[in-house]
Amino acid sequence: MHPKVEQKAAAPAPAKKAEPVKQAAVAPAASSVATPLKPGTPAIAEKPWVVAPTPTAKPTPQPAVPTPKAPVSTPVSEEKIISEVPELKPKEEAKPAPVAEPPPPKHRVSPMFVMMISSELAPVAKVGGLGDVVYGLARELEMRGNAVEIILPKYNNMRYDHIWSLTRAYENLMVPWYGGAIPATVWFGFVHGRKCFFIEPHSADNFFNRGVYYGQNDDVLRFAFFCRAALEFMLKTGKHPDVIHCHDWQTALVPVLLYEMYQHLGMRHPRVCFTIHNFRHQGSTGENILRATGLNRPEHYFHHDRLKDNNNHHAINLMKGGIVYSNFVTTVSPRHAWEAKDDGQGFGLEHTLHVHQCKYGGVLNGLDYDQFNPESDPHIPAHYKVQTIEKKYENKRALRSRFWLADSEKPIIAFIGRLDQQKGLELVRHAIFHSLNNRAQFVLLGNSPEKGINDHFLGLKQHLNDSPDCHLEIGYNEELARLIYAGADMMIVPSRYEPCGLTQLIAMRYGTVPIVRACGGLVDTVFDKDYSNRPLHERNGYVFDHADNAGMESGLNRAIACYYQYPEHFRHLMINAMRSDYSWNHPGEHYMNIYDHIREK
Ligand code: ADP
């Protein structure tokens, strides 16, 4: 029996009102309201990053760390191991593509009241990047002088240890539902300074007491209720934000209900910005949802200019409703805005995006540079910055020690993310074997709600358990993720499609060199060391085009070769990555411009 210690991951984690814009083919009764901010919004603004002074230290050699693992025979046989673990189903490929959009002009915008409505907020309720983005954007907007509040469901599995002063704010909020009403309590609390309201319904459905955030058969009903409750709460408490900012399909009914119902009840002021973080999940559902939420004219909503699903004419599509009824629609990078509208990555919403293109654009996500900060991160043993980058290697040692990996000159290549086909799982798997066979170590932290996928990776883990160069951790663990970001040398992100991607941004913040597939926000943020046309000091990683083994190997090989043969160049890359500015500064400005454009003045 091998002495390897298994680390258990913590179990998861208007006068002139908002009107739907006319569609081209058949004009609806409603008239167009959202004048274009500017066709296609922002790319990240160019910034003259300072060139790093030429570094000298070699990035690897480490003092000895106990190496309790028995070495496995090399090379590791990918074919043999894969034939013995549960099957991983391949999925269709996403195409690569070009161009980013220009940044908008900058101008001062007066402060406003912004209400965020979201199904996630980091760190209390986080499944992926959405939670980080809502937290980071809310904080940035507050720092710019705006009043920001956030409405969330009150899940029973939230990280309550991150909520301060949780108190009942509103009792007996009667939320209309199927012709009757469900009573709800609204709670108030601070999440690291952000003002949050949590909606807790009291009914036999137990919508948010399921121990999970998503993946329930009645997800559409759960979040439709949340939308209705959020509006009812704002109405009853007289909250009239200038802008309501909704995120993904879970909150897409808010603009529909606001326009069709709540403006007639007095909420004529708020305008809606709707951000799509992932086009794949759209909330396509049956007519039932209309009755539940009180949208009582099915023939009105079941229209291709409104909520009728573009692919399934017997279904309604909540995300489509969000696009049609919002005053402005964004997705999370300029490149992905183009991919979704013009390159077939809109999962059936391409036509809708074209019809509404005058109010549609891409704003690159930012990263909360205080939350993700190698100088102060409480979850890493050694703090560092560009000037003290050698200390990063203390974290590398700590990571090796935590996972019982061998101490050696080898680079550590990491993957962190949801184990979802979107992330290029076959390529992640191949990256493990390719790294192990090419003088590198590999660390993975990920999980999936699908048992089959978890079983596949657990199978790999079992087979590689004795390897002194590999550790696969199946689970969700925020704190462990930070140690990996700080301790790894490279981060592989081989996504098939990636609306923005935060893992490459976090990796860069921690001086970990990203190796990414050329798609979505990865193209907007990572600039290839060898082939980018950017100035040398802006090149911050490796980019490969094709979502296949050969494509990814080309990126990995170049990175590993540089690490061994040109350590100084590799160090330059690390420093350039750390100096890249992917804070909320630029995106915050873009969103202020959008809000200012749509708000009633
Ligand atoms: P997505 O939103 O598609 O999941 P992103 O790259 O935008 O992907 O964001 C992923 C976020 O979730 C990052 O903050 C990443 O560190 C975190 N994350 C993903 N999987 C895990 C995990 N298993 N444990 C800890 N953090 C994770």
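No experiment lies behind these values; they were computed from the predicted model shown.

## Focus: the overall build of the protein chain
Along its length, the protein chain carries 18 helices and 17 strands. Burial analysis of the protein chain (601 residues in total) assigns 64% to the buried set.

## Remarks on helix α8 (residues 334-342)
The buried fraction of α8 amounts to seven of the nine residues, a majority that puts the element mostly inside the structure. Those residues of α8 not exposed but buried are Pro334, Arg335, His336, Ala337, Glu339, Ala340 and Lys341. At the exit of α8 stands Gly344, carrying a positive phi of roughly 70°.

## Comments concerning unusual backbone geometry
A cis amide bond, omega -5°, links Ala122 with the succeeding residue Pro123. Along the polypeptide, Pro123 turns up in the loop between β1 (113-117) and α2 (129-143). With a phi angle near 55°, Ser165 is a residue other than glycine that sits in the positive phi range. Structurally, the position occupied by Ser165 is in strand β3 (residues 164-177). Positive phi values are uncommon outside glycine, yet Phe347 reaches one of about 50°.

## Focus on the sheet that holds strand β11 (residues 360-362)
Each strand in a sheet pairs with another by means of backbone hydrogen bonds, the pair being arranged parallel or else antiparallel. As summarised here, the arrangement of the nine strands in space is β3-β4-β5-β2-β1-β6-β7-β10-β11, forming an open sheet in which the pairing is mixed. Among the strands making up the open sheet, the edge pair consists of β3 and β11. In this sheet, neighbouring strand axes are inclined to one another by 25° on average, regardless of whether the strands run parallel or antiparallel. Examined bridge by bridge, strand β2 (residues 147-153) and strand β5 (residues 194-201) share five bridges and lie parallel to one another. The residue bridging Glu149 from the neighbouring strand is Lys195, located in β5.

## Section: the pairing of strand β13 (residues 441-447)
Of all seven residues in β13, seven are buried, a share of seventy percent or more. Along β13, one buried face is formed by Gln441, Val443, Leu445 and Asn447 and the opposite face, lined by Phe442, Leu444 and Gly446, is buried too. Where strand β12 (residues 412-418) and β13 come together, seven bridges link them in parallel fashion. Bridged to Arg418 within β13 is Asn447. Running through helix α11 (residues 425-436), the crossover from β12 to the neighbouring parallel element β13 is right-handed. Running through helix α12 (residues 451-463), the crossover from β13 to the neighbouring parallel element strand β14 (residues 470-474) is right-handed.

## Describing the packing of α2 against helix α18 (residues 585-598)
Orientation of α2 relative to α18, taken along the N-to-C sense of each, is 75°, at an axis distance of 10 Å. As far as their axial angle goes, α18 and α2 are roughly perpendicular. Only Asn585, Gly588, Tyr591, Met592 and Tyr595 of α18 make contact with α2, whose side of the interface consists of Leu137, Glu140 and Leu141. When the residues that make up the contact of α2 with α18 are grouped by side-chain class, the tally is five nonpolar, two polar and one charged.

## Regarding the packing of aromatic side chains
Evaluation of the coordinates by the stated rule reveals 21 aromatic pairs. Here the aromatic rings of Trp177 and Tyr178 are separated by 5.7 Å at their centres, their planes lie at 75°, and the arrangement is edge-to-face. We classify Tyr178 as partly exposed; its relative accessible area is 41%. Where Trp177 meets Phe225, the ring centres are 5.3 Å apart and the plane angle is 85°; that geometry is what we call edge-to-face. On the criterion of sequence distance, the pair formed by Trp177 in strand β3 and Phe225 in helix α3 (residues 219-236) is long-range, its members being 48 residues apart. Residue Trp177 is classed as buried on the basis of its relative accessible area, which comes to 7%.

## Description of the side chain of His277
Checked against the element boundaries, His277 lands in the loop between β7 (271-276) and β8 (284-285). Among the polar contacts listed, one links the side chain of His277 to the side chain of His247, at a separation of 2.9 Å. If we skip the residues at most four places from it in the chain, His277 touches Leu130, Val133, His247, Asp248, Val332 and Pro499.

## Thoughts on the packing of α3 against helix α4 (residues 253-260)
At their nearest, the axes of α3 and α4 sit 9 Å apart, and the two run at 45° to each other. Relative to α4, the element α3 lies oblique. When you trace α3 past α4, the crossing you get is right-handed. Between α3, through Ala224, Cys227, Arg228 and Leu231, and α4, the contact on the second element is made entirely by Leu253, Val254, Leu257 and Leu258.

## Considering the pattern of salt bridges
Under the defined criterion, the tally for this structure stands at 33 salt bridges. The shortest N-O distance in the salt bridge between Asp219 and Arg222 comes to 2.7 Å. Of this pair, Asp219 and Arg222 both sit in helix α3, three residues apart, roughly one helical turn. Residue Asp219 is classed as buried on the basis of its relative accessible area, which comes to 10%. For Arg222, a relative accessible area of 0% corresponds to the buried category. Across the pair Asp596 and Arg599 runs a salt bridge, and its minimum N-O distance is 3.3 Å. Each member of the pair, Asp596 together with Arg599, is buried.

## Remarks on the site of the ligand
If you check the shell around the ligand, you find 21 residues, and the closest are Gly129, Asp132, Arg418, Tyr485 and Leu502. Contacts to the ligand include Tyr485, whose side-chain N or O atom sits 2.6 Å from an oxygen atom. Secondary structure elements with two or more residues in the shell around the ligand: α2, β12, β13, α13 (478-487) and α14 (503-509). Its residues assigned to classes, the shell around the ligand comprises seven nonpolar, nine polar and five charged.

## Looking at the nonpolar core
Of all hydrophobic cores here, the largest spans 184 residues; its most connected members are Ile151, Leu253, Ile432, Phe457, Ile492 and Tyr595. Per-element tally for this core: the top contributor is α3, with 11 residues. Every residue in contact with Leu253, bar those within four places of it in the chain, is listed here: Ala224, Cys227, Ile289, Thr293, Leu295, Leu307 and Leu318.

## Observations concerning helix α7 (residues 318-325)
The element α7 is largely enclosed, with a buried count of eight among its eight residues. Along α7, the positions that sit buried rather than exposed are Leu318, Met319, Lys320, Gly321, Gly322, Ile323, Val324 and Tyr325.

## Regarding the environment of Pro201
Tracing the backbone shows Pro201 in strand β5. Overall, Pro201 belongs to the buried group, its relative accessible area being 9%. Residues in contact with Pro201, not counting those within four places in the same chain, are Ile182, Pro183, Ala184, Phe207, Phe208 and Phe225.

Rules used in this analysis
- Residues numbered from 1 in each chain as written.
- Predicted model: local features only at pLDDT ≥ 70, side-chain atom pairs only at ≥ 80, totals over all residues.
- Heavy atoms only, no water.
- Helix = DSSP H or I, 4+ residues; strand = E, 2+ residues; numbered from the N terminus.
- Buried < 20%, exposed > 50% of the residue type's maximum accessible area, 1.4 Å probe, protein only.
- Pairing = 2+ DSSP bridges.
- Axes fitted to C-alpha atoms, helices over the stretch in contact; angles between N-to-C directions.
- Right-handed = clockwise from strand over helix to strand, strands pointing away.
- Parallel < 35°, antiparallel > 145°, perpendicular 65-115°, else oblique.
- Contact = heavy atoms within 4.5 Å.
- Nonpolar A, V, L, I, M, F, W, Y, C, P; charged D, E, K, R; others polar.
- Phe/Tyr/Trp six-rings, centres within 6.5 Å; stacked < 30°, edge-to-face > 60°.
- Polar contact = N/O pair within 3.5 Å; in protein donor to acceptor, adjacent residues only side chain to side chain.
- Left-handed = near helix turned anticlockwise from the far one by under 90°.
- Salt bridge = Lys/Arg side-chain N within 4 Å of Asp/Glu carboxyl O.
- Near = heavy atom within 4 Å.
- Core = buried A, V, L, I, M, F, W, Y, C linked by side-chain atoms within 4.5 Å.

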